[in-house]
Amino acid sequence: MSDMAARERGPGGGLLAPVVAVVVVLAGLWVLLLAVLALGQETLSSGFEQMGLWAYLLLAAAGLATLGCLVALVVLGLKPRLAPAAVFLVLAVLPWVVGTVGSVRMAEEMAGALQNVNPADRMFISALGFRESLTARAVGGGFSAALLALTGLGLGLGALVARLFQRGSRSAPWGSTAALCGTLALAIASLSVPVFVQRQVLEAVATLGGAERALLLSRAAVAIPGAARLALLGQVALVVVLGVGVWAGRREDGRWSPGRGLAVVLGLVPVVGLHAYTSRHLPELARQLATPFWASMEDFQPSTVAGGQSTERLPPDLVTRTHLVSLLGGTPVPLDGALERALHIWWPRDLDAGEPEEGMPRYQPELVLAVDARVEGTRLRALVDAAQAAGARSMRFVGLGEPDVMSSLLEQEPLLAPYSRPTRVTPRVGLPSALVSGQALESWYARLESVGAVTVTPRHGGGGEPMTVDPTQPLAPLEEDSSDMTEPSPQARPVFLEPGSGTTAEHVVRVVERLARRSTPEAPLVPILTGGSPLVVEDTGE
C-alpha cells in the first residue's frame, strides 16, 4: 500500500472530514429555516406573492445549490480533484444569480407596463414595483451568503479534522476553498444589505403615509451611509475573492494548477458582471419612471412645499409661467386666455363632495394644480377668477418636498435618488366662493406685494393685533392628531390673500403653509386666495 493510500485510510478514513462539513451545513440551514418560519405566515406569503414565478425559481435554485454543495463536500473528501473550488462557487451563488436576474426582469416588465400610465401616478406605482422586484434579489443574496458562510465553516472544520486525523497535505484544498467561500459570503452579504435598505425606503414611498412614512424614511436614511460603506466593502471583497481563487488552485503537492485558478475566475466574472449591470440598469429605469410628471415640460420650476403631505392623486394639469397645460392632451391655453373654458373641460370635479350644513363654508370641489414657482401674482389672480367661474371653491398647489438632510442621504443611493424629494400638496387654500357672509365679517387681510415678510391685519372689525408671517422661517410644528390635509374648521377665521404683481407662486405657497398653522385666540386661520374680481361673499339669507 502506498503512502498516499495510507494517508487516505488513516483515522477518519477520508470520510470524517466531509461528514463533519455536511453536518455543519445541514445544522446551519435548519437554524436558518427556523428563523425564516419565525417571520410568520403572513410575511412569507407576502414575499412569495411579490416575487411571483421567480419565488419558485428561487426555491429550485436554493434546493439545487444546497444539494450540490453537500454532494461536492463528500466528493472533496474522497476525490479532491473532482471537486475544485469553482464547483462550490458556482453552486452557492446560483440563488443570488437567479434572484438578481429575477429583479431585473420584474423591473423591466414593470417599466414596460407603466409606459402608458399617467405620469402623475407613475412615481408611486414604480416605487411599489421596485420594492417587489428587489425582494427576489434580497432573498437570493441572503440565501447565497448564508450557504457560502456555512459551507466555508464546514470546510474549515473539515480542514481541521483532515489535519488532525489524516497526516499529510490533504487539508490544503479544504482550507483554501473555505477561505474562498468565506470571502465570497462576506462580499455577497455586504452587497445585499443596501438592497434591504432600498426596499425599506421604497416601501415607505409606495405604501405608507404621514408620520409612519416619515419615521420609516428617517430610519432608512440613517442606514444609507453604513449600507454604502458595506457595498464598497463587498466590491473590495469580490476583488479579493479573485486572488483567493488563484490561491485555491494549489494542488496537494503544493504546486500551482493554472486550470483551477482559471475556473474560479471564469466562474466569478459573470457574477461580477451581472452585479455591475444590475447596479447600473435599475437606477436608469427608476430615473425614467419616477421623474415628476412635469419633467416633460421645458423650463418648468416646481414650487417647494415644506409641509403638506405626499400625495398619490396628482393633478393632470399644470401652470407654467405663460400657459395652462394638460398632460392628458389638448392645446395649452395662455394664462391671459380662456382659462375658465379650459378648466370646465379638463378639470375632473369631485362629484361626491356632498351637501354642506346650512350656513357652513363649502370647500368642495377643490382644484389641484402644479404651478410654476415663478408665476406672477397677477396671473394667479386670473387663475383664481377662472377657477371660481368653473365651480371650484378651494385649491391646492403641488410641488416638490423641501430638500433636507434625509433627502440628501437618499440621493447617495442611485436607485433612491429619484424618490428623494416626493411630490407634496399644500394645505387647502379657500376661494371667496367657499365662504358665507357671516364668516367674512370677522376676517384678516394681507396683500402680497413682494417675496419678503407679510403683515396680516384685521378686516371689518375682526379685532386683534396685526401679525407678521415670515415665509423664510421654519414651519411651526403641527398640533397632535392634526394634519395639513384636514378640512378647515367651520369656525376658522378667513385670511384674504391678494397676490400683487411683485409676488410669485413660490411666495404664495410659503405664506399659505405658515398661515394654515397659525391661529388667533378665538379660532384657527384659513387662507383665502382672492382674484382680480371684486370680493363677493355668498349670503345665506340669514
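Worth saying up front: this structure is predicted, and the values here are computed from it rather than measured.

Definitions and cut-offs
- Residues numbered from 1 in each chain as written.
- Predicted model: local features only at pLDDT ≥ 70, side-chain atom pairs only at ≥ 80, totals over all residues.
- Heavy atoms only, no water.
- Helix = DSSP H or I, 4+ residues; strand = E, 2+ residues; numbered from the N terminus.
- Buried < 20%, exposed > 50% of the residue type's maximum accessible area, 1.4 Å probe, protein only.
- Contact = heavy atoms within 4.5 Å.
- Areas by Shrake-Rupley, 256 points an atom, 1.4 Å probe, with all protein chains shown as cover.
- Patch = residues over 30% accessible without salt bridge, like charges linked within 9 Å, V, L, I, M, F, W, Y side chains within 5 Å.
- Salt bridge = Lys/Arg side-chain N within 4 Å of Asp/Glu carboxyl O.
- Pairing = 2+ DSSP bridges.
- Right-handed = clockwise from strand over helix to strand, strands pointing away.
- pLDDT = per-residue confidence, 0-100.
- Disulfide = S-S within 2.5 Å.

Of the regular secondary structure elements, the protein chain holds 15 helices and 14 strands. Expressed as a percentage of the 542 residues in the protein chain, the buried residues total 49%. The contacts of the protein chain with a sequence gap of at least 6 include a subset with a gap of at least 24, amounting to 77%. Surface accessibility of the protein chain: about 24,700 Å² in total, with carbon and sulfur atoms responsible for 59%.

Another aspect to go through is a nonpolar patch on the surface. A contiguous nonpolar surface patch, about 530 Å² in accessible area, is contributed by Phe48, Leu53, Tyr56, Leu57 and Leu59. As for its placement among the helices and strands, Leu57 is situated in helix α4 (residues 53–78).

Attention shifts here to the pattern of salt bridges. One pass over the structure, following the stated rule, counts 8 salt bridges. Here Glu366 and Arg396 are joined by a salt bridge, their closest N and O atoms 3.1 Å apart. A residue pair is termed long-range when its members are at least 10 positions apart, and Glu366 in strand β6 (residues 366–371) and Arg396 in strand β7 (residues 394–401) qualify at 30 residues. A salt bridge links Glu449 to Arg447; the nearest nitrogen and oxygen atoms lie 2.3 Å apart. Counted as one network, the salt bridges with shared partners bring together Arg105, Glu108 and Glu109.

Moving on to the pairing of β7. The buried fraction of β7 amounts to 8 of the 8 residues, a majority that puts the element mostly inside the structure. Bridge analysis of strand β1 (residues 304–305) against β7 gives 2 bridges, and the strand direction is parallel. Following the sheet pairing, Val305 is matched in β7 by Gly401. Taking the sense of rotation as the criterion, the β-α-β connection linking β6, helix α12 (residues 377–389) and β7 turns out right-handed. Where β7 lies against strand β8 (residues 423–425), 3 bridges are found, and the strand directions are antiparallel. Across the sheet, the residue bridging to Gly399 is Arg424, located in β8.

To continue, consider the confidence of the model for the protein chain. Of the residues in the protein chain, 72% have a pLDDT of 70 or more, and the chain-wide mean is 75. Across the protein chain, helix α6 (residues 94–113) holds the top mean pLDDT of 90, while helix α1 (residues 3–8) sits lowest at 44. Confidence drops under pLDDT 50 across residues 1–13; counting only partners more than four residues distant or on other chains, this segment forms 12 contacts. pLDDT under 50 marks residues 536–542. Its contacts with residues more than four places away, or in other chains, come to 16 contacts.

Once that is clear, we can look at the side chain of Glu506. Its place among the elements puts Glu506 in helix α15 (residues 505–515). In this structure, Glu506 is in contact with Pro302, Ser303, Thr304 and Ala373, ignoring residues within four places of it in sequence.

A few words on the pairing of strand β14 (residues 525–529). A regular strand carries its side chains on alternate faces of the sheet. Counting buried positions along β14 gives 5 out of 5 residues, so the element sits mostly inside the fold. Residues of β14 alternate between two faces, with Leu525, Pro527 and Leu529 on one and Val526 and Ile528 on the opposite face, all of them buried. Pairing of strand β13 (residues 493–499) with β14 involves 5 bridges; the strand directions are parallel. The partner of Leu497 across the bridge, within β14, is Leu529.

Attention now goes to the environment of Leu435. As for its position among the elements, Leu435 is in the loop between β9 (429–430) and α14 (437–441). Each C-alpha atom, one on Leu435 and one on Arg393, is 8.6 Å from the other, the two residues being 42 residues apart in sequence.

So, on to α15. Extensive coverage of α15 is indicated by the burial of 10 of its 11 residues. Taken together, the buried positions of α15 are occupied by Ala505, Glu506, His507, Val508, Val509, Val511, Val512, Glu513, Arg514 and Leu515.

Here Thr183 is to be found in helix α8 (residues 172–207). When its relative accessible area of 18% is taken as the criterion, Thr183 is described as buried. Through-space distance from the C-alpha of Thr183 to that of Val240 is 7.4 Å; in sequence the pair is 57 residues apart.

Below, the discussion takes up the environment of Ile528. With respect to the helices and strands, Ile528 occurs in strand β14. Once the C-alpha coordinates of Ile528 and Phe496 are considered, the two residues, 32 residues apart in sequence, prove to be 4.7 Å apart.

It is worth spelling out the state of the cysteines at this point. In the structure shown here, the tally under the stated rule is 0 disulfides. Cys181 provides the cysteine sulfur closest to Cys69, a residue in no disulfide bond, and the two sulfurs are 7.1 Å apart. Taking relative accessible area as the criterion, Cys69 reaches 1% and is therefore assigned buried. Taking relative accessible area as the criterion, Cys181 reaches 2% and is therefore assigned buried.

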